[in-house]
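So the chains spell out like this:
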Amino acid sequence: ENTLSSNYISDLKCDKHNRLWISTGKNLNVLDINSGQIKRYHDAVFKGNIPRITDFYYEEDKDVMWISTSVGIFFNKGKKLALQKVEFEGVTGLIHDIEHLKNGQWVFASDEALFLYDQKNKKSTPFFHEYHVPGHRDGFVSLFVENDSMVWAGSWVYGMISLNINTGQVATYAYSN
């Protein structure tokens, strides 16, 4: 069957192989733009859990597609479609957005905090979570990296803030009243 798993499309990202990675709300589909063939990822990859795809990040220079889901973070390297799960020790909550800094570190926006992940040392640090109430979905859902020391984050509840990654200090914020 060469169809999407759902008509609900929440995110799209294209790689250098001319494949369109598609979040269909609760599943991952990959469309080969040249052939028109669609690959659906189901139980074999996600071990029975049908995930909600929350974000894609593509490292073109390394040809790696990162996929953030409700059951963890996965990646696919190269032309062959073969997803692998990655464990980021210390990162908690559902990851909604992932961004990669030029210095090699990652920033994750989760339900519980903003995390900085050092890939070389395999260490994650929550650098902002002062407003989180355990058990509540009051974390962060979107990120924009201004530079390697400043990040903007959008939340469910608190509007938008810009933070210094090195100090965790809020530089500015905006919210509705």
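Placed above this text is the structure.
Keep in mind the model is a prediction, meaning the values are calculated, not measured. What you see as residue numbers is a count from 1 along each chain, following the sequence as written. Predicted model: local features are reported for residues with pLDDT of at least 70 only, side-chain atom pairs are reported and counted for 80 or more only, and whole-chain, interface and lining totals are derived from all residues. Hydrogen atoms and water are omitted, and side-chain values are computed over all heavy atoms in the structure.

Engineer: Sorry if this is basic, but what is going on with a nonpolar patch on the surface here?
Structural biologist: Surface patches are drawn from residues lacking salt bridges whose relative accessible area is over 30%; two like charges belong together within 9 Å, two nonpolar side chains (Val, Leu, Ile, Met, Phe, Trp, Tyr) within 5 Å. Residue burial considers only the protein chains on display, and all accessible areas are found by Shrake-Rupley using a 1.4 Å probe. Any carboxyl oxygen of Asp or Glu that lies within 4 Å of a side-chain nitrogen of Lys or Arg is treated as forming a salt bridge with it. A cluster of nonpolar side chains, namely Leu4, Ile9 and Leu12, defines an oily patch on the protein surface of about 220 Å² accessible area. Per the convention used, a helix needs a DSSP run of H or I reaching at least four residues, while a strand needs a run of E reaching at least two, with both numbered from the N terminus. Note that Leu4 resides in the segment before strand S1 (11-14).

Engineer: I tried to follow the sheet that holds strand S13 (residues 140-147) on my own but got confused; where do I start?
Structural biologist: Across a sheet, strands are paired by hydrogen bonds formed along the backbone, either parallel or antiparallel in direction. Spatially, the four strands line up as an open sheet ordered S13-S14-S15-S16, and their pairing is antiparallel. Edge positions in the sheet fall to S13 and strand S16 (170-174), since each has one partner strand and no second. In this sheet, neighbouring strand axes are inclined to one another by 20 degrees on average, regardless of whether the strands run parallel or antiparallel. Alignment of S13 against strand S14 (residues 150-155), held across six bridges, turns out to be antiparallel. Note that in S14 the partner of Asn147 across the bridge is Met150. Pairing between strands requires that DSSP locate at least two bridges from one strand to the other. Each axis is a line fitted through C-alpha atoms, and for a helix only the stretch in contact is used; angles between axes span 0 to 180 degrees, taken between their N-to-C directions.

Engineer: What is the right way to look at the pattern of salt bridges in this model?
Structural biologist: Should their charged atoms come close, side chains of opposite charge can pair. Evaluated as defined, the whole model comprises two salt bridges. The shortest N-O distance in the salt bridge between Arg19 and Asp15 comes to 2.8 Å. With a shortest N-O distance of 3.7 Å, Lys62 and Glu59 are connected by a salt bridge.

Engineer: Help me understand the pairing of S14, please; the structure alone is not making it clear to me.
Structural biologist: Two faces make up the sheet, and in a regular strand the side chains alternate between them. Between buried and exposed lies partly exposed: a residue is buried under 20% and exposed over 50% of the maximum accessible area for its type, with that area taken using a 1.4 Å probe on protein chains only. The buried fraction of S14 is high, at five of six residues. Between S13 and the antiparallel strand that follows it, S14, lie two residues. Direction of pairing for S14 relative to strand S15 (residues 160-164): antiparallel, over a ladder of five bridges. Within S15, the position partnered with Trp152 by the bridge is Ser162.

Engineer: I tried to follow the packing of aromatic side chains on my own but got confused; where do I start?
Structural biologist: For any two aromatic rings, the description comes down to two numbers: the centre-to-centre distance and the angle of the planes. The pairing test for Phe, Tyr and Trp rings, Trp by its six-membered ring, is centres within 6.5 Å, and the orientation test on the planes gives stacked under 30 degrees, edge-to-face over 60, and tilted for anything in between. Counting across every chain of the model gives five aromatic pairs. Look at Tyr57 and Trp106: their rings are 5.5 Å apart centre to centre, the planes differ by 75 degrees, and that puts the pair in the edge-to-face class. Of this pair, Tyr57 sits in strand S5 (residues 53-59) while Trp106 sits in strand S10 (residues 105-110), placing them 49 residues apart in sequence. Each of the two residues, Tyr57 as well as Trp106, counts as buried. Ring geometry for Trp66 and Phe75: centres 5.4 Å apart, planes at 40 degrees, overall tilted. One exposure class covers both Trp66 and Phe75, and it is buried. Of the aromatic side chains, those joined through ring pairs into one cluster are Tyr57, Trp66, Phe75 and Trp106.

Engineer: Where do I start with unusual backbone geometry in this structure?
Structural biologist: Working note: non-glycine residues mostly have negative phi, and peptide bonds are mostly trans. One non-glycine residue, Asn18, lies in positive phi territory at about 65 degrees. Turning to its location among the elements, Asn18 is positioned in the loop between S1 and strand S2 (19-23). Relative accessible area serves as the criterion here: at 28%, Asn18 is assigned to the partly exposed category.

Engineer: Looking at this structure, how should I read the sheet that holds S1?
Structural biologist: Strand order in this open sheet of four strands is S1-S2-S3-S4, and the pairing throughout is antiparallel. Across the chains shown, the open sheet's two edge strands, defined by having one partner strand only, are S1 and strand S4 (38-41). Adjacent strand axes in the sheet meet at a mean angle of 20 degrees, parallel and antiparallel pairs treated alike. Bridge analysis of S2 against strand S3 (residues 28-32) gives five bridges, and the strand direction is antiparallel. Of the residues in S3, the one forming a bridge with Arg19 is Asp32.

Engineer: Would you explain the pairing of S3 in this entry?
Structural biologist: Between the end of S2 and the start of S3, which pair antiparallel, lie four residues, with Gly25 showing a positive phi angle near 80 degrees. Pairing geometry for S3 and S4, over four bridges, is antiparallel. If you follow Leu28 over to S4, its bridge partner there is Tyr41.

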